[in-house]
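Coordinate inspection notes
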Amino acid sequence: MKDPTELASELDTARRSGVTISSRRGTEHALSLDRAYEIGRRLELERMAAGWRPVGWKLGFTNQALWSRLGLDRPIRARLYQQTVCTGDLDTADLITPRIEPEIVVGFRTAVPEGSGLDTIAGAIGWVAAGLEVVQCHFTDWELTPAEAVADAGLHAALAIGPKAAVDSAAVRGLASATCELLRDGVQVATGFGGDVLGGPLDALQWLLSRLPSGVLEGEVVTTGTLTMALPIRRGEQWEHRLAASIPIEPVTLTLR
């Protein structure tokens, strides 16, 4: 197997140059998830050294219906940063084959340690919002393995968070029954359900908390996984995510420049 630092170097060049590289899927040099998280951690440290501030986590591949095709038995996680959170509009000029995903985003009012149960997690969440995550891929034609997605910053490019709605434990549990409408320029293009993300956002959060030695910190944000397929985007479009849940949650919109 090739040294994972070689792939990390290739991805760094791709990010700086705005190009794509070939996947190692099916080769003797295919990347493991453990090695991918090593690359992801190196990138996090490099970004922090450059002044980036982590603000939470994203979950990916939470739709279990896709696992057998992708060779997965678990979701993936990656860092969110203050520098990638946006509101209102987003400059997409430097993004590589970007796509958009409607998400349920939660904010933690108190810290939660690793291994916490559903009741503890639900009680620690202070707000929920509709979100739109923009993802990009530095592998040609979006042909990549889940491990390569981890190495490529979890594919995360930007996250738009809508108005925050205060929640209690019951409302957090009710997010499994939430419904999603994704609109492009006012026309519905996809729908989804909260239960599509590992059975519900709370279950997705429990999975995340089973993998984080430091737990989730007070004030951190987590986006729990796409509710629809990721759809290609173009400059000039306006996207909207309408989320219907047991409590009123205002839509989030994002205009692409």
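Preceding this section is the structure that the text describes.
First, a word on scope: everything that follows refers to the structure included in this document. Small disclaimer: the values here were computed from a predicted structure and weren't measured.

Rules used throughout
Residues numbered from 1 in each chain as written. Predicted model: local features only at pLDDT ≥ 70, side-chain atom pairs only at ≥ 80, totals over all residues. Heavy atoms only, no water. Helix = DSSP H or I, 4+ residues; strand = E, 2+ residues; numbered from the N terminus. Rg over C-alpha atoms; globule rule 2.2 N^0.38 Å. Buried < 20%, exposed > 50% of the residue type's maximum accessible area, 1.4 Å probe, protein only. Contact = heavy atoms within 4.5 Å. Areas by Shrake-Rupley, 256 points an atom, 1.4 Å probe, with all protein chains shown as cover. Lys, Arg positive; Asp, Glu negative; His and termini not counted. Charge placed at Lys NZ, Arg CZ, Asp CG, Glu CD. Pairing = 2+ DSSP bridges. Axes fitted to C-alpha atoms, helices over the stretch in contact; angles between N-to-C directions. Expected span 1.5 Å × (residues − 1). Arc of directions from axis to C-beta. Phe/Tyr/Trp six-rings, centres within 6.5 Å; stacked < 30°, edge-to-face > 60°. Core = buried A, V, L, I, M, F, W, Y, C linked by side-chain atoms within 4.5 Å. Salt bridge = Lys/Arg side-chain N within 4 Å of Asp/Glu carboxyl O.

**Examining the overall build of the chain**
Along its length, the chain carries seven helices and 14 strands. For a compact globule of 257 residues, the expected C-alpha radius of gyration is about 18 Å, and the chain comes in at 17 Å, within 12% of that figure. Referenced to the eigenvectors of the C-alpha coordinate spread, the extents of the chain come out at roughly 50 × 45 × 40 Å. Put simply, the chain has 257 residues, and 52% of those count as buried. For the chain, contacts bridging at least 24 residues in sequence account for 75% of all contacts bridging at least 6. For the chain, the accessible area works out to roughly 11400 Å², and carbon and sulfur atoms hold 48% of it. Positive and negative side-chain charges in the chain, numbering 25 and 32 respectively, have mean positions lying 2 Å apart.

**Concerning the pairing of strand E13 (residues 238-244)**
Where strand E9 (residues 179-184) meets E13, six bridges bridge the pair, whose relative direction is antiparallel. Its bridge partner lying in E13, Leu182 is registered against His241. Bridge count between E13 and strand E14 (residues 252-256): four bridges; the pairing is antiparallel. Note on E14: the bridge partner recorded for Gln238 is Thr255.

**Some thoughts on the side chain of Thr145**
Checked against the element boundaries, Thr145 lands in the loop between strand E6 (125-135) and helix H5 (146-151). For Thr145, the residues in contact, after removing those within four places along its chain, are Ser23 and Arg25.

**Quick word on the sheet that holds strand E4 (residues 88-90)**
Read from one edge of the open sheet, five strands run E4-E14-E13-E9-E10, paired in mixed fashion. Two strands in the sheet have a free side with no partner beyond their single neighbour: E4 and strand E10 (187-193). With direction set aside, neighbouring strand axes in the sheet form an average angle of 20°. Sheet topology places E4 next to E14; three bridges connect them, and they run parallel. If you follow Leu90 over to E14, its bridge partner there is Leu256.

**Observations concerning helix H2 (residues 33-49)**
Given a rise of 1.5 Å per residue, 17 residues ought to cover 24 Å, and the 24 Å separating the end C-alpha atoms of H2 matches this to within 8%. Of the residues making up H2, those classed as buried are Leu33, Ala36, Ile39, Leu43, Glu44 and Arg47. All buried residues of H2 fall inside an arc of 145° around its axis, so they share one side. Those residues of H2 that are exposed and aimed more than 90 degrees away from the buried face are Asp34 and Ala49. Note on H2: the residue one or two positions beyond its end, Gly51, has a positive phi of about 105°.

**A word on the pairing of E6**
Burial within E6 is extensive, with 11 of its 11 residues counted as buried. The pairing of strand E5 (residues 99-108) with E6 spans 10 bridges and is classified as antiparallel. Paired with Val105 across the two strands is Ala129, which belongs to E6. Two elements, E6 and strand E8 (residues 165-166), share two bridges in a ladder whose sense is antiparallel.

**Points about the packing of aromatic side chains**
This structure, assessed with the given rule, holds one aromatic pair. An angle of 80° between the planes, with centres 5.2 Å apart, marks the rings of Trp52 and Tyr81 as edge-to-face. You can see Trp52 sitting in the loop between H2 and strand E1 (54-60) and its partner Tyr81 sitting in strand E2 (residues 76-81), a full 29 residues away along the chain. By relative accessible area, which is 28% here, Trp52 ends up partly exposed.

**Remarks on the environment of Thr92**
Take Thr92: it is sitting in the loop between E4 and E5. The sequence separation of Thr92 and Arg109 amounts to 17 residues, and the corresponding C-alpha distance is 32 Å. Filtering out sequence-adjacent residues up to four positions away, Thr92 remains in contact with Arg235, Leu256 and Arg257.

**Quick word on the nonpolar core**
If you look at the biggest cluster of nonpolar residues, it comprises 72 residues, and the most contacted ones within it are Phe108, Val134 and Leu254. In this structure Leu254 touches Cys86, Gly88, Asp89, Leu90, Ile100, Leu132, Val134, Ala160, Glu237, Gln238 and Trp239, once residues within four positions along its chain are discounted. Counting residues in hydrophobic clusters, the runner-up holds eight residues, among them Leu80, Val105, Leu159 and Ile161.

**Things to note about the pattern of salt bridges**
In this structure the tally under the stated criterion is 10 salt bridges. Between Asp152 and Arg15 there is a salt bridge, and its shortest N-O distance comes to 3.5 Å. Linking Asp152 in the loop between H5 and strand E7 (156-161) with Arg15 in helix H1 (residues 4-17), this pair joins segments that are 137 residues apart in sequence. Assessed through its relative accessible area of 3%, Asp152 is described here as buried. Here Asp119 and Arg173 are joined by a salt bridge, their closest N and O atoms 2.1 Å apart. Remark: Arg173 occurs in helix H6 (residues 169-173) and Asp119 occurs in helix H4 (residues 118-124); sequence separation between them is 54 residues. For Asp119, a relative accessible area of 58% gives the class exposed. A network of salt bridges, in which partner residues are shared, links Arg41, Glu44, Arg79 and Glu220.

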